[in-house]
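Listed below, chain by chain, are the residues.
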Amino acid sequence: MEPHIGRIRRELRKIWVDPPAFCRPGASPVTDLLHWEVVIDGPDGSPYAGGTFPVDIDFVNINYPLSPPKITFKTKVYHPNIDSRGEMTLDIFQYKNWGAAMTVHELLLHIVSVLYDPMLDGRPVNDKVNDVYESDIQLYEQLACAWTWEYSSAPVVSHYPTEEDERRLNRCAAAAAKRAADAEAERWRRYDEERRRRRQEEEEMLERAAASSAARRKRIASLLPLVTLKRVAAFLQGWSVALPFATSRRRFSSAVLPLSNYTGRACF
C-alpha cells in the first residue's frame, strides 16, 4: 500500500505554519513529500537544551497513516531510547499502539517529551546509556550535555516555503499520486494474472481427473464379463462338491472346468 499523499502534504504544511513546541522546519527545501526533515530544539530543563537536532522523517514504503513513519536523528544523541543509528524505539512506534488518527505533529510532541523524560518502562535500545541513567543520573546528564555540545551545537536555520516550493510540492504530489495509481494498477494486473493462472491450473487438473476416470471406467467395463464368468464358474465348482455321488461330481466338474479358464475366447 502507498502512503496517503494528501494527508502527508497537509501535515507538512502544518509543520510550516503551526509547528509543535521545540520543533520547526528543516534546513533544506522539501523536494520529496515522502522524505523530509524537521529540526528539534533541545527542550529547556533537559541536558539537550541549546542543541539542534535534525530529524529525518521517512514515509517511503510505509502505509501511512496506518503505520507510523520512520524517525531518525541525524546527529549522535546520548539517550536511553535512541540507538547508535539515531533510531528512537518507543511503544508508540509499534503497530498495536499506533492509530490512523495520530499525526506527525503528535509524534514530534511525544519525541520532545521523551527527550525531557526518558521512557524506561519498555526495553531501552541503548543499554549502556540506560545503565548510567539508572545508576548515576548526574553523570548521565553530564554526558548527555557533553554529547549535545559536541555533535548538535551547530545552529540550523529553517527553510520556510516560498511560492516556488509550493509549486514544487504540487508537482511532487502529482508525481506521487501517479506512482500510487500505477502501483495500484500493477497490483491489480498481477492479481488478475495470478487468478487466471490458478483457474487454468484447476481446469487442467479437472480435465486430467476426468480423463483418468473415463479410462478407469472403460477398463472396468472391459474386465467385467470376464470377472463375472469366472465368479459363476467358481460358484458352480463349489456347488458340485455338494452332489451326493462322486461320479456326478466328476462329470459336473469336468463340464465346469473350461469355464474357469475362460480368457475371452471359446475353449469348449
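- Taking an unreviewed UniProt entry as the reference, the protein is identified by name as UBC core domain-containing protein belonging to Urochloa decumbens.

**Focus: the pairing of strand 3 (residues 52-58)**
Here is step 1 of the chain: A large share of strand 3 lies buried, amounting to six of its seven residues.
Here is step 2 of the chain: In this sheet, strand 3 lies alongside strand 2 (residues 35-41) in antiparallel orientation, the contact comprising seven bridges. Looking at strand 3, one finds that Val-38 is bridged to Val-55.
Here is step 3 of the chain: Relative to strand 4 (residues 70-73), strand 3 runs antiparallel, the two being bridged by four bridges. Pairing of Ile-57 across the sheet is with Ile-71, part of strand 4.

**Details of a negative patch on the surface**
Here is step 1 of the chain: A cluster of acidic residues, Glu-202, Glu-203, Glu-204 and Glu-207, forms a negative patch on the protein surface.
Here is step 2 of the chain: Looking at the element boundaries, Glu-207 is found in helix 5 (residues 163-240).

**Examining the side chain of Ser-158**
Here is step 1 of the chain: Inspection of the secondary structure assignment puts Ser-158 in the loop between helix 4 (137-151) and helix 5.
Here is step 2 of the chain: On the accessibility criterion, Ser-158 (13% relative accessible area) is buried.
Here is step 3 of the chain: Side-chain polar atoms of Ser-158 contact the side chain of Arg-24, separated by 2.8 Å.
Here is step 4 of the chain: Within polar-contact distance, the side chain of Ser-158 engages the backbone oxygen of Pro-25 at 2.6 Å.
Here is step 5 of the chain: When residues no more than four places from it in sequence are discounted, the contact partners of Ser-158 are Arg-24, Pro-25, Gly-26 and Ala-27.

**Re helix 2 (residues 104-116)**
Here is step 1 of the chain: Between its first and last C-alpha, helix 2 extends 19 Å over 13 residues, near the 18 Å set by a 1.5 Å rise per residue.
Here is step 2 of the chain: Buried within helix 2 we find Val-104, His-105, Leu-107, Leu-108, Ile-111, Val-112, Val-114 and Leu-115.
Here is step 3 of the chain: On its buried face, helix 2 is in contact with helix 1 (5-17), strand 1 (23-25), strand 2, strand 3 and strand 4.

**Examining the packing of aromatic side chains**
Here is step 1 of the chain: Across all of its chains, the model carries 10 aromatic pairs by this definition.
Here is step 2 of the chain: Taking 5.9 Å as the distance between ring centres and 35° as the angle between the ring planes, the aromatic pair formed by Tyr-78 and Tyr-140 counts as tilted. Residue Tyr-78 is found in the loop between strand 4 and helix 2, and its partner Tyr-140 is found in helix 4; the two are separated by 62 residues along the sequence.
Here is step 3 of the chain: Judged by relative accessible area, Tyr-78 falls into the buried class, the value being 9%.
Here is step 4 of the chain: Residue classification places Tyr-140 among the buried positions, given a relative accessible area of 2%.

**Considerations on the sheet that holds strand 4**
Here is step 1 of the chain: Pairing within the open sheet is antiparallel, and its four strands lie in the order 1-2-3-4. In this open sheet, the two edge strands, each paired with only one partner strand, are strand 1 and strand 4. Shown here is a sheet whose adjacent strand axes are inclined to one another by a mean of 30°, direction ignored.
Here is step 2 of the chain: Its contacts with the sheet place helix 2 against strand 1, strand 2, strand 3 and strand 4, and it is angled at close to 40° to strand 2.

**Notes on the side chain of Ser-46**
Here is step 1 of the chain: Mapped onto the secondary structure, Ser-46 falls in the loop between strand 2 and strand 3.
Here is step 2 of the chain: At 2.6 Å, the side chain of Ser-46 and the backbone oxygen of Pro-43 are in polar contact.
Here is step 3 of the chain: Apart from the residues lying within four places of it in its own chain, the contact partners of Ser-46 are Leu-115 and Tyr-116.

**Some words on helix 3 (residues 127-135)**
Here is step 1 of the chain: Buried within helix 3 we find Val-129, Asn-130, Val-132 and Tyr-133. Mapping the buried residues of helix 3 onto a view down its axis gives an arc of 160°, with all of them on the same face. Exposed and facing more than 90 degrees away from the buried side of helix 3 are Lys-128, Glu-134 and Ser-135.

**What to know about the nonpolar core**
Here is step 1 of the chain: Ranked by internal contacts, the top residues of the largest apolar core, which has 46 residues, are Trp-36, Ile-40 and Phe-73.
Here is step 2 of the chain: When residues of this core are traced back to their parent elements, those giving at least two are helix 1, strand 2, strand 3, strand 4, helix 2, helix 3, helix 4 and helix 5.
Here is step 3 of the chain: Filtering out sequence-adjacent residues up to four positions away, Phe-73 remains in contact with Ile-40, Phe-53, Pro-54, Val-55, Ile-82, Arg-85, Gly-86, Met-88, Ile-111 and Leu-115.

**Description of the pattern of salt bridges**
Here is step 1 of the chain: In total, this model carries 14 salt bridges according to the counting rule given.
Here is step 2 of the chain: The partner of Arg-7 in a salt bridge is Glu-11, with the nearest N and O atoms 2.5 Å apart. In this pair, Arg-7 and Glu-11 are both assigned in helix 1, four residues apart and thus about one turn of the helix distant.
Here is step 3 of the chain: Residue class for Arg-7 comes out buried when judged on its relative accessible area of 15%.
Here is step 4 of the chain: We classify Glu-11 as buried; its relative accessible area is 9%.

About the cut-offs
Residues numbered from 1 in each chain as written. Predicted model: local features only at pLDDT ≥ 70, side-chain atom pairs only at ≥ 80, totals over all residues. Heavy atoms only, no water. Buried < 20%, exposed > 50% of the residue type's maximum accessible area, 1.4 Å probe, protein only. Helix = DSSP H or I, 4+ residues; strand = E, 2+ residues; numbered from the N terminus. Pairing = 2+ DSSP bridges. Patch = residues over 30% accessible without salt bridge, like charges linked within 9 Å, V, L, I, M, F, W, Y side chains within 5 Å. Areas by Shrake-Rupley, 256 points an atom, 1.4 Å probe, with all protein chains shown as cover. Salt bridge = Lys/Arg side-chain N within 4 Å of Asp/Glu carboxyl O. Lys, Arg positive; Asp, Glu negative; His and termini not counted. Charge placed at Lys NZ, Arg CZ, Asp CG, Glu CD. Polar contact = N/O pair within 3.5 Å; in protein donor to acceptor, adjacent residues only side chain to side chain. Contact = heavy atoms within 4.5 Å. Expected span 1.5 Å × (residues − 1). Phe/Tyr/Trp six-rings, centres within 6.5 Å; stacked < 30°, edge-to-face > 60°. Axes fitted to C-alpha atoms, helices over the stretch in contact; angles between N-to-C directions. Arc of directions from axis to C-beta. Core = buried A, V, L, I, M, F, W, Y, C linked by side-chain atoms within 4.5 Å.

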